Amino acid sequence: QKEVEQNSGPLSVPEGAIASLNCTYSDRGSQSFFWYRQYSGKSPELIMSIYSNGDKEDGRFTAQLNKASQYVSLLIRDSQPSDSATYLCAVNTKNQAGTALIFGKGTTLSVSS
Amino acid sequence: EPEVTQTPSHQVTQMGQEVILRCVPISNHLYFYWYRQILGQKVEFLVSFYNNEISEKSEIFDDQFSVERPDGSNFTLKIRSTKLEDSAMYFCASGGTATIMNTEAFFGQGTRLTVV
């Protein structure tokens, strides 16, 4: 059974702080990794994708991938109250368009002003 | 910005009835997906569709489920005889173009299906 694990939280950070969200996956052959943001009652919104080891930055977001440790993380700098949401880690184990994303349960982030 | 659109936003149906959930994927995307999320649980893959064929399906996608692309824009999920446990949020997603065949998926706003 291919699994994606996340700490459910909640992770609470003050406004302006760095939020660090973590994810581990079981299938060592996985190649594509994604972070989605999901507000309560809404659909997942793709915020980052990462395919190779190292860091990928996009604005206030940085995704980090370590395939040897089977670990993906998302850093949110200068956290804002509007970042309060559930963050879903998703993995594609086949690295092939038209195949399944396996989602973790998500980590709930709460940013206090 | 282009987006995936789904209709209806909420559907209530009686157990045993057939439902059809509709989606309009992003126009230049080639791969279409259905996912579901039971309240409080993780997002689960149901099926993917490419070139008028199912690419992959999960164990959840049994004979009660079917997908179709009836025309050039719509993509539908049919549940033939709904059960109480089919109550969930159903998300359509699309991704991949002729030039960028990656595994990103962009989600619609969802259809909340309630089976009573």
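About the cut-offs
Residues numbered from 1 in each chain as written. Chains lettered and ligands numbered in written order. Predicted model: local features only at pLDDT ≥ 70, side-chain atom pairs only at ≥ 80, totals over all residues. Heavy atoms only, no water. Buried < 20%, exposed > 50% of the residue type's maximum accessible area, 1.4 Å probe, protein only. Helix = DSSP H or I, 4+ residues; strand = E, 2+ residues; numbered from the N terminus. Pairing = 2+ DSSP bridges. Contact = heavy atoms within 4.5 Å. Buried area = accessible area lost by both parts, 1.4 Å probe. Salt bridge = Lys/Arg side-chain N within 4 Å of Asp/Glu carboxyl O. Disulfide = S-S within 2.5 Å. Polar contact = N/O pair within 3.5 Å; in protein donor to acceptor, adjacent residues only side chain to side chain.

Novice: What am I meant to see in the pairing of strand S3 (residues 19-25) of chain A here?
Specialist: As a general feature of sheets, a regular strand has side chains that alternate between the two faces. All names here are of chain A. Going residue by residue along S3, you find Ala19, Leu21, Cys23 and Tyr25 tucked away on one face and Ser20, Asn22 and Thr24 left uncovered on the opposite face. The pairing of S3 with strand S8 (residues 71-76) spans six bridges and is antiparallel. The residue of S8 that forms the bridge with leucine 21 is leucine 74.

Novice: Any chance you could explain the sheet that holds strand S6 (residues 54-58) of chain A here in plain terms?
Specialist: Backbone-to-backbone hydrogen bonds join strands into a sheet, with any given pair of strands oriented parallel or antiparallel. Residues and elements named next belong to chain A. Reading across the sheet, the five strands line up as S1-S3-S8-S7-S6 and stay open at both edges, with antiparallel pairing between neighbours. Strands at the two margins of the open sheet, each flanked by one partner only, are strand S1 (4-5) and S6. Of the strand pairs in this sheet, strand S7 (residues 61-66) and S8 are connected by six bridges, and their pairing is antiparallel. Counted as the bridge partner of asparagine 66 is tyrosine 71 from S8.

Novice: Please clarify how the interface of chain B and chain A should be interpreted in this entry.
Specialist: Interface size is commonly expressed as the accessible surface area that is lost when the partners come together. At the interface, 21 residues of chain B touch 26 residues of chain A. With both sides pooled, the region where chain B packs onto chain A buries about 1,800 Å², and carbon together with sulfur makes up 56% of that total. On the chain B side of the interface with chain A, the three residues burying the most area are Lys42, Glu56 and Thr103 of chain B, jointly 35% of the side's total. Applying the counting rule to chain B against chain A returns one salt bridge. For glutamate 56 of chain B, the salt bridge is made with lysine 94 of chain A, and the minimal N-O distance between the two is 2.8 Å.

Novice: Before we go on, may I ask you to explain the pattern of salt bridges in this structure?
Specialist: One side chain can pair with another of opposite charge once the charged atoms of both are near each other. Residue and element names in this part refer to chain A. Here the structure, examined in full by the defined rule, presents six salt bridges over all chains. In this structure, the salt-bridge partner of arginine 60 is aspartate 83, at a minimum N-O distance of 2.9 Å. Linking arginine 60 in the loop between S6 and S7 with aspartate 83 in the loop between S8 and strand S9 (85-92), this pair joins segments that are 23 residues apart in sequence.

Novice: Where do I start with unusual backbone geometry in this structure?
Specialist: Across the chain, the bulk of peptide bonds are trans and the bulk of non-glycine residues have phi less than zero. The omega torsion of the bond from glycine 9 of chain A to proline 10 of chain A falls at 10 degrees, within 30 degrees of zero and hence cis. In this fold, proline 10 of chain A is placed in the loop between S1 and strand S2 (11-14). A positive phi angle, near 50 degrees, is found at aspartate 78 of chain A, a position not held by glycine. Among the secondary structure elements, aspartate 78 of chain A is positioned in the loop between S8 and S9. Among the residues examined, aspartate 78 of chain A registers a relative accessible area of 41% and is labelled partly exposed. The residue asparagine 52 of chain B is not glycine, and still its phi comes out positive at about 65 degrees. Looking at the element boundaries, asparagine 52 of chain B is found in the loop between strand S5 (43-50) and strand S6 (53-57).

Novice: How should I be thinking about the state of the cysteines in this particular structure?
Specialist: Among covalent bonds in proteins, the disulfide is the one between the sulfur atoms of two cysteines. Residue and element names in this part refer to chain A. One pass over the structure, following the stated rule, counts two disulfides over all chains. Sulfur-sulfur distance for the disulfide between cysteine 23 and cysteine 89 comes to 2.1 Å. On the sign convention where negative is left-handed, the bridge of cysteine 23 and cysteine 89, at about -70 degrees about the S-S bond, is left-handed. With cysteine 23 in strand S3 and cysteine 89 in strand S9, this pair connects stretches of sequence that are 66 residues apart. For cysteine 89, a relative accessible area of 0% gives the class buried.

Novice: I would appreciate a short explanation of the environment of histidine 29 of chain B in the present structure.
Specialist: Residues and elements named next belong to chain B. On the secondary structure map, histidine 29 appears in the loop between strand S3 (19-24) and strand S4 (31-37). Histidine 29 sits in the buried class, given a relative accessible area of 11%. Sequence separation between histidine 29 and lysine 78 is 49 residues; the distance between their C-alpha atoms is 21 Å. The contacts of histidine 29, once residues within four sequence positions are left out, are Ser94, Gly95, Gly96, Thr97 and Phe106. Here the side chain of histidine 29 touches serine 94 through a polar contact of 2.7 Å, side chain to side chain.

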